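Examining the three-dimensional arrangement
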Amino acid sequence: MVNGGCGKVGRVGEAVDEFVISLVLAEQRERAASTTVREGEPWPNASELAEVEADIAALTQAAKAKEITVSTLLQLLPDLERRRDELKLERGRFSKARHQAASPSVDTLEDFLSLPLERQQALILHSLSAILIHPARRGVRKFDPSLIEPVWR
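Before going into details, it helps to say that this report is about the structure given with it. (Residues numbered from 1 in each chain as written. Predicted model: local features only at pLDDT ≥ 70, side-chain atom pairs only at ≥ 80, totals over all residues. Heavy atoms only, no water.)

1. Focus: the pattern of salt bridges
Oppositely charged side chains are able to pair whenever their charged atoms sit close together. We count it as follows: What makes a salt bridge here is a side-chain nitrogen of Lys or Arg within 4 Å of a carboxyl oxygen of Asp or Glu, nothing more. A run of H or I in DSSP counts as a helix once it spans at least four residues, and a run of E counts as a strand once it spans at least two, with each numbered from the N terminus.
Under the definition given, this model contains five salt bridges. Here Glu53 and Lys88 are joined by a salt bridge, their closest N and O atoms 3.8 Å apart. In this pair, Glu53 is assigned in helix H2 (residues 46–64) and Lys88 in helix H3 (residues 70–102), connecting sequence segments 35 residues apart. Here the salt bridges share partners, and the residues they tie into one network are Glu48, Arg83 and Glu86.

Here it is, written out as structure tokens:
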């Protein structure tokens, strides 16, 4: 390589694009198949979150009414707040999985190419952080997908 340049490494862009798109679509199909959330299914821990939030409110109210001391409140509150935060995070993940299961999927190259460019980029960036293209042997013009290395998120 000269001054960190490409060393005259070149690829036919269309073949690389089709290969990358096929990898992304296969990964998204696999992810959609593993998602078991049905659209109308409620989040199973909603009642536990409501109980934890009610306990936090009751403790806070008891401290305001001088039924418990502030030091008792400070001992009991951190565990409840930590559990509440865990449950909210779990609820967010559940909602995201349900949204992904409900969103229309892109199954074919033609479907993908019919999307606006911004949506195509978003789909690829959701799955990949980079594509490494390794140099081919001298004089070889045939497309070799083994020289294309995806870096998954």
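Once you've had a look at it, read on.
2. Let's talk about the environment of Glu53
To keep it simple, the criterion reads: Partly exposed residues are those whose accessible area sits between 20% and 50% of the maximum for their type, while under 20% is buried and over 50% is exposed, using a 1.4 Å probe and protein chains only.
According to the relative accessible area criterion, Glu53 is partly exposed, its value standing at 34%. Between the alpha carbons of Glu53 and Arg83 there is a distance of 9.6 Å; along the sequence they are 30 residues apart.

3. A closer look at the nonpolar core
Quick reminder of the rule: Among buried residues, those of type Ala, Val, Leu, Ile, Met, Phe, Trp, Tyr and Cys that are joined through side-chain atoms within 4.5 Å constitute a nonpolar core. The contact criterion used is simple: two residues touch if any of their non-hydrogen atoms lie within 4.5 Å.
Residues Trp43, Leu49, Val52, Ile56, Leu59, Ala63, Leu73, Leu77, Leu87 and Phe94 constitute the largest nonpolar core, which totals 10 residues. Elements with a minimum of two residues in this core: H2 and H3. Of all the elements, H2 adds the most residues to this core, at five residues. If near-sequence neighbours (up to four positions away) are discounted, Leu59 is found in contact with Ile68, Leu73, Leu76, Leu77 and Leu80. Membership of the second largest hydrophobic core comes to six residues, among which are Val16, Phe19, Val20 and Ile148.

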